[in-house]
Amino acid sequence: APAPAPSPHLFSDPAEVEALRGDLLSWYDSCKRELPWRTLAATELDADRRGYAVWVSEIMLQQTQVATVIDYYNRWMQKWPTLQALAQTSLEEVNELWAGLGYYSRGKRLQEAAKKVVSELSGHMPRRAEALQKLLPGVGRYTAGAIASIAYGQATGVVDGNVVRVLCRLRCIGADAGSPTVTDQLWDMANALVDRSRPGDFNQALMELGATVCVPKAPLCRECPVKQHCRAHQRKLLGKPLLVPDVEDCGVGGCPLCPPATEPWDSSLGVTNFPRKAARKQPRAARAATCVLQRRGCGGPEYLIVQRPSSGLLAGLWEFPSLPLAEGLQEEKQREMLAEQLQAWTGSPVAARGLQLVGEVIHVFSHIHQTYVVYSLSLDEDVTLDPALSPSRWVTEEEFRASAVSTAMKKVL
C-alpha cells in the first residue's frame, strides 16, 4: 500500500525547514530588539552567570510584558548579579524588589532554586533542559528549554504563547491550542524546527516574531519574514493555491489539528483564525474589608501593615489589616467583624462606629476579581502590637511604598 501523504500541518520538507530557518534568523539579526538580558547573555560571562542572566529574564517575562520587565530586570541584576548573591539575600528583600511585578511566587521560587544550586549543586547551573526542569523549583519545560538553548547552546525547542501563535498560523492548526494533543504536536514541531547551529537565536527569533509581527490582532503579514512558509497567509490570499494539500482535505473531520467542523475558516479573520483557544474561565469574585489604620508618628502619620501567610495568594507580602467577606454581608456586620480583627491586632478596644468607610478598590488578579471595601481609622494613643500574631509593624508612607506590598494595597492607600 502506498505510504500515506504527510499531514499538511507538519513540516515534512527538509528544504522548506532550512529555508524557514534562514529567513527567520536573517530577519532576527537585522530587526531584533536590544534588550538587557540579551546584551548581558551575549557578553563574556562565565557559563553559570550566563545561565543565571537568562533564567532571571525568563521568570520575569512569564505573563508580564517586556516593557514592564526591563526596569525590574536591571535593578535585580545590579543588586544580585550572581546566583550566590541571590541565595544569600532574604525573601523580604526579594519581595520588595518584586513588588508591582505580579505573580509573586515567581520571585520566591527563583530564590529557592538559587539556594538549591549553591547548596546542592556546588553553585553550578545544570546545562541541559531535562536537568534544569528536574532540579530547579519553578523551572518548567519552557523555561528549561529557553535557558538550555540560549545560555548553553542545546538544540532544543521552546513553546510559549508567542510560539504557539506563530506555529498555529504557519501550519493552519485550528484545534484548541491548549489541549494536550495539540501541545505535544507543537513541542515536537518546535524541536524539529530549531536551528542546530544557533538554537538560542532561533528560539528567540521565533518568540520575537510572535511578539512584534505575528501579534494576536492585526498581525503585520506584509512585514513577516516567513510569510511564504505560512499556510494561513497563503489561504488568506484569494486565488493563490496552497503548496500542499488543503488542510480541509487532511482528515475530513478526523484530524486532531484541524479546526472543528462547527468552527470553519472565517475569511473575514484571515490569519487570525489561528490559534483557537478554549473559552477562558472568568475570574471568581471575592470581597475583603481592609482598614488603613493610622497613628501619629515622630515624622508624620504611620500606618499599620501586617504580613500575609507564607503560602497562597500574595504569599509573604505586607498589607493593611484585611479579612475576607461573605457575599451579601451588610455594612454594619462588616464594621463589627473588622473592629474585632483590629482589636486583636492592636490589643486595644476598637469601636465599629469609629471606622470610616472610604470606598471600594477593585483589583483583578489572573483568577480573582477582588473588591476591597476600604475603611480608615485614626488612633489617638499609642498601641503595642501583639508579637504572638502574624508579623506586623508601623510604617511611614515612604516606608510603605518601599516595602513588599502589592499593587492592590498601593491602590488602597
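Refer to the structure presented above.
Computed from a prediction, not measured in an experiment: that's the story for all the values here.

K.L.:
Mind showing me how you'd approach the overall build of the chain here?
P.N.:
Across its full length, the chain holds 16 helices and seven strands. A principal-axis box enclosing the C-alpha atoms of the chain has dimensions of 90 × 50 × 35 Å. With 413 residues in all, the chain has 47% of them scored as buried. Residue pairs in contact within the chain that sit at least 24 positions apart in sequence constitute 66% of those at least 6 positions apart. Carbon and sulfur atoms provide 52% of the accessible area of the chain, an area that totals close to 20,300 Å². Charged side chains of the chain number 45 positive and 45 negative; the gap between the two group centres comes to 3 Å.

K.L.:
Even after reading the chapter, I still don't get the packing of helix 3 (residues 47-61) against helix 4 (residues 66-79), so can you show me in this structure?
P.N.:
One can describe the packing of helix 3 onto helix 4 by two numbers: an axis separation of 10 Å at closest approach and a directional angle of 140 degrees. When the axes of helix 3 and helix 4 are compared, the pair comes out oblique. Relative to helix 4, the crossing made by helix 3 is right-handed. Facing Y52, A53, V56, S57, M60 and L61 of helix 3, the residues of helix 4 in contact are V66, V69, Y72, Y73, W76 and M77. Taken together, the residues of the contact of helix 3 with helix 4 sort by class into 11 nonpolar, one polar and no charged.

K.L.:
How should I be thinking about the nonpolar core in this particular structure?
P.N.:
Note on soluble globular proteins: their nonpolar side chains tend to be buried together. Residues Y52, W55, M60, W76, L209 and Y372 are the most contacted members of the largest nonpolar core, which totals 106 residues. With eight residues, the single largest contributor to this core is helix 9 (residues 141-152). Shared between two domains, this core takes at least three residues from each, and those domains are domain 1 (14-273) and domain 2 (284-411). Those residues in contact with M60, other than ones at most four positions away along the chain, are V69, Y72, Y73, W76, W98, L101 and R106. Core analysis: the next-biggest nonpolar cluster, separate from the first, contains 18 residues, L304, V306, L323 and V373 among them.

K.L.:
Can you help me understand the pattern of salt bridges in this one?
P.N.:
For side chains bearing opposite charge, pairing can occur when the charged atoms are close. Scanning the model with the defined rule gives 17 salt bridges in all. The shortest N-O distance in the salt bridge between R295 and E302 comes to 2.8 Å. A relative accessible area of 18% places R295 in the buried class. Owing to a relative accessible area of 15%, E302 belongs among the buried residues under this scheme. We note a salt bridge from E319 to R308, for which the minimum N-O separation is 3.1 Å. Of this pair, E319 sits in strand 3 (residues 318-319) while R308 sits in the loop between strand 2 (300-307) and strand 3, placing them 11 residues apart in sequence. The exposure class of E319 is buried, given its relative accessible area of 9%. The structure contains a network of salt bridges with shared partners spanning E16, R171 and R231.

K.L.:
Would you mind showing me how to read the packing of helix 3 against helix 9 here?
P.N.:
Helix packing geometry: the angle between the two helix axes and the distance between the axes. Contact geometry of helix 3 with helix 9 gives a least axis separation of 9 Å together with a crossing angle of 140 degrees. Here helix 9 runs oblique to helix 3, going by the angle between their axes. Taken as a pair, helix 3 and helix 9 cross one another with a handedness that is right-handed. Along the contact surface, helix 3 presents A47, D48, R50, G51, V54, W55, E58 and I59, while helix 9 presents Y142, T143, A146, I147, I150, A151 and Y152. Its residues placed into classes, the contact of helix 3 with helix 9 shows 10 nonpolar, two polar and three charged.

K.L.:
It is not clear to me how unusual backbone geometry should be interpreted in this structure. Could you clarify?
P.N.:
Here the amide bond leading from F274 into P275 is cis, since omega sits at -5 degrees, within 30 degrees of zero. Its place among the elements puts P275 in the loop between helix 13 (231-236) and strand 1 (284-297). Unusually for a residue other than glycine, S122 sits at a positive phi of about 60 degrees. Tracing the sequence through the fold places S122 in the loop between helix 7 (105-120) and helix 8 (129-135). Under the relative-accessibility criterion, S122 is labelled exposed at 63%.

Reading guide: rules and limits
- Residues numbered from 1 in each chain as written.
- Predicted model: local features only at pLDDT ≥ 70, side-chain atom pairs only at ≥ 80, totals over all residues.
- Heavy atoms only, no water.
- Helix = DSSP H or I, 4+ residues; strand = E, 2+ residues; numbered from the N terminus.
- Buried < 20%, exposed > 50% of the residue type's maximum accessible area, 1.4 Å probe, protein only.
- Contact = heavy atoms within 4.5 Å.
- Areas by Shrake-Rupley, 256 points an atom, 1.4 Å probe, with all protein chains shown as cover.
- Lys, Arg positive; Asp, Glu negative; His and termini not counted.
- Charge placed at Lys NZ, Arg CZ, Asp CG, Glu CD.
- Axes fitted to C-alpha atoms, helices over the stretch in contact; angles between N-to-C directions.
- Parallel < 35°, antiparallel > 145°, perpendicular 65-115°, else oblique.
- Left-handed = near helix turned anticlockwise from the far one by under 90°.
- Nonpolar A, V, L, I, M, F, W, Y, C, P; charged D, E, K, R; others polar.
- Core = buried A, V, L, I, M, F, W, Y, C linked by side-chain atoms within 4.5 Å.
- Domains from an automatic or database assignment.
- Salt bridge = Lys/Arg side-chain N within 4 Å of Asp/Glu carboxyl O.

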